Amino acid sequence: MADVLRSLRLGGRGDPARACALALGAEGVALSLLVGNGRTAEPLWCHPEVSARFEELQFTLGEGPGPDAVRTGSPVMEPDLDRVRPDRWPALLPPARDLGVHGVCCFPLGIGAIRVGVLTVLCDGDRTMSVQQSADATALAAALTGALLNGDGRGQWGEDGNGNGDRGGSGNGGPVLGLFLDRPTGLHRAAVHQATGMISVQLGVTMEEALLRLRARAYGSERPLGEVADDVVARRLRFNDNDASGNGDGFDDDMNGPYSPGDGKG
Amino acid sequence: MIGMAREQRLAEIFVEVADSLVEDFDVIDLLQRLSTRCVELLDVSAAGILLVDAHGELQIIAASDEHARLLELFALQHDQGPCVECYRTGTARTNIDLTRPETAAAWPHFADRARETGYVTTHALPLRLRNRVVGALNLFQSAPHRLGDADIALAQALADVATIAILQQRTLEQSHIENSQLATALTSRILIEQVKGVLAERWNTSVDDAFAAFRSYARAHQLRLADLATRIIAGGFDTASIPAPASAAETTPAPAPAPAAPEDHTR
């Protein structure tokens, strides 16, 4: 697993889904991103074919462990689909069985209310998931969250010639930035998440964009994220639409949708 | 608290916890109550519960109070401090004198900050599950008095209850669930920090006051903190129905834009 994480960080070539499936000892792996204001799931990479088909199935039907994980923000672990109550996912279970899917575990990618995607792991014929496997998958999901928040979704996996460019590159409403190379630091600070919430109200934007604006401000002013967050929480710093910081303005074109938290109800 | 009174109180607390565990309970709220009970029973100044995240770092999940300075002390322990050691070794570190030079040498940032906040002693007890350590219970004291063996045993019992609360239910064969429950608890905590910010901004109040109002509303209406936070952030909940903190009284319910925040167009 460490090797896989390292290669993701270095932007290694080759098929990341295949590497992840091997490292996890899983039958298959799929990664989908949530794109646009409708937050539809868009497959970024899958291995092997059956995981692509299962992914398509559950997000077309709108039911299954993936949609549940996205909705609740919690992992959904069903390593043995035969033990799932038939009425839980009535439309999904019969065709999934026909595909030969034994069991599925889905791990949401995100930070609090921020949801960027979902990692789907297909279990093998043992229909179990070991503690080690779930720990590895959780670590992988966390690493992918960091990479996606850094906007690596397009730059690394979409255009590096591994054949996935058509999937990652189009219609991705998520943040796409080459600015941040390492996984976000400072996220252990409560103030960072509090400031994110405040900025989302100040700008009328999603949590995802609010965090991005906060990080851009920190990056642009060469200050630690936590320190800038402290300024926001202490009301020494305010974000507004005439933000002259420069860094906050270059990448919000496709994210300024109608969404605003609690629109008209506050 | 001494003798019978404490034993009686302890029994009540275990009954309270057992009662909360049977239903579809709010883990964050329960852990927060447990933290305040630690303060009460052990006669310490502050308590917090930290959980390990997917990166192997400790994150605060609940605290006896939510003041920024205390939260910061817990946050510092993502990479240094007694909780990190306790987590790595799986053994309790108790009666650590924050004023000793050795302590400052071991964890310079942490020890400085803790002393600045007014604490002189700290303790860290592991959250253990079978052969795994999933976090730590962290206690702070502003007055120097040693926790005796009985106190430490009690603190460990409370830490064990916290572990049970986080990794409740399920059978051994489903032990893979443990990781997802850890992840869920950590996600809930971040959600709550985000909603504190949203409410503080809407009410033009401090995040602490915003949280107090948010929590009383959730408790009064028996809503889970994380569920209510999710609804507020998704815009599916009218926050005007939550009584705003007194400090926000002048600017909150205004149908017209509040004078203090004219650039806020989201109301």
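Structure's up top.
Residues numbered from 1 in each chain as written. Chains lettered and ligands numbered in written order. Predicted model: local features only at pLDDT ≥ 70, side-chain atom pairs only at ≥ 80, totals over all residues. Heavy atoms only, no water.

K.L.:
How would you sum up the overall build of chain B? Please name residues and give values.
P.N.:
The helix and strand tally for chain B stands at ten helices and five strands. Sorting the 267 residues of chain B into buried and exposed places 55% on the buried side. Sequence-distant contacts in chain B: of pairs separated by 6 or more residues, those separated by 24 or more amount to 64%. Summed over its atoms, the accessible surface of chain B is roughly 11300 Å², and 53% of this surface lies on carbon and sulfur atoms. (Helix = DSSP H or I, 4+ residues; strand = E, 2+ residues; numbered from the N terminus. Buried < 20%, exposed > 50% of the residue type's maximum accessible area, 1.4 Å probe, protein only. Contact = heavy atoms within 4.5 Å. Areas by Shrake-Rupley, 256 points an atom, 1.4 Å probe, with all protein chains shown as cover.)

K.L.:
Mind laying out the environment of G81 of chain B, listing which residues take part and the relevant values?
P.N.:
Residue and element names in this part refer to chain B. Mapped onto the elements, G81 comes out in the loop between helix 3 (68-75) and helix 4 (82-89). Judged by its relative accessible area of 2%, G81 is buried. For the pair G81 and T103, spaced 22 residues apart in sequence, the C-alpha to C-alpha distance is 9.1 Å. Setting aside residues up to four positions removed in sequence, G81 forms contacts with W107 and F110.

K.L.:
Break down the packing of aromatic side chains for me, with residues and values.
P.N.:
Summed over all chains, the structure comprises six aromatic pairs over all chains. Here W107 of chain B and F110 of chain B contribute two aromatic rings whose centre-to-centre distance is 6.3 Å and whose plane-to-plane angle is 80°, an arrangement assigned as edge-to-face. Neither residue differs from the other here; W107 of chain B and F110 of chain B are each classed as buried. Relative to F237 of chain B, the ring of Y217 of chain B has its centre 5.8 Å away and its plane inclined at 70°; by these criteria the two rings are edge-to-face. Here F237 of chain B lies in the segment after helix 10 (225-233) and Y217 of chain B lies in helix 9 (residues 207-220), a separation of 20 residues in the sequence. Residues Y217 of chain B and F237 of chain B agree in their burial class; the two are buried. A connected cluster of aromatic rings, assembled from ring pairs, spans F74, W107, F110, Y119 and F140 of chain B. It is R217 of chain A that lies over the ring of F239 of chain A; its NZ or CZ is 5.0 Å from the centre. (Phe/Tyr/Trp six-rings, centres within 6.5 Å; stacked < 30°, edge-to-face > 60°. Lys NZ or Arg CZ within 6 Å of the ring centre and 35° of its normal.)

K.L.:
I'd like a rundown of the sheet that holds strand 3 (residues 93-97) of chain B, residues and numbers included.
P.N.:
Residues and elements named next belong to chain B. Read from one edge of the open sheet, five strands run 2-1-5-4-3, paired in antiparallel fashion. Edge strands, defined here as strands with exactly one partner in the open sheet, are strand 2 (58-63) and strand 3. Along the sheet, successive strands turn relative to each other by an average axial angle of 25°, direction set aside. Sheet analysis places strand 1 (residues 46-52) next to strand 5 (residues 132-141), joined by six bridges and oriented antiparallel. Opposite A47, over in strand 5, you have L139 as the bridge partner. Sheet contacts for helix 2 (residues 27-42): strand 1, strand 2 and strand 5; angle to strand 2, the most-contacted strand, approximately 75°. (Pairing = 2+ DSSP bridges. Axes fitted to C-alpha atoms, helices over the stretch in contact; angles between N-to-C directions.)

K.L.:
Please give an account of the nonpolar core that cites residues and values.
P.N.:
Soluble, globular proteins show a tendency: their nonpolar side chains are buried together. By size, the foremost hydrophobic cluster in this structure holds 110 residues, and its most contacted members are L214 of chain A together with L31 and L139 of chain B. A total of ten residues in this core trace back to one element, the largest contributor, which is helix 8 (residues 177-203) of chain B. What L139 of chain B contacts, discounting residues up to four positions off in sequence, is C38, L42, V44, A46, A47, T121, T122, H123, L125, L147 and A155 of chain B. A190 of chain A together with A63, A114 and A124 of chain B belong to the second-largest nonpolar core, a separate cluster that totals 23 residues. (Core = buried A, V, L, I, M, F, W, Y, C linked by side-chain atoms within 4.5 Å.)

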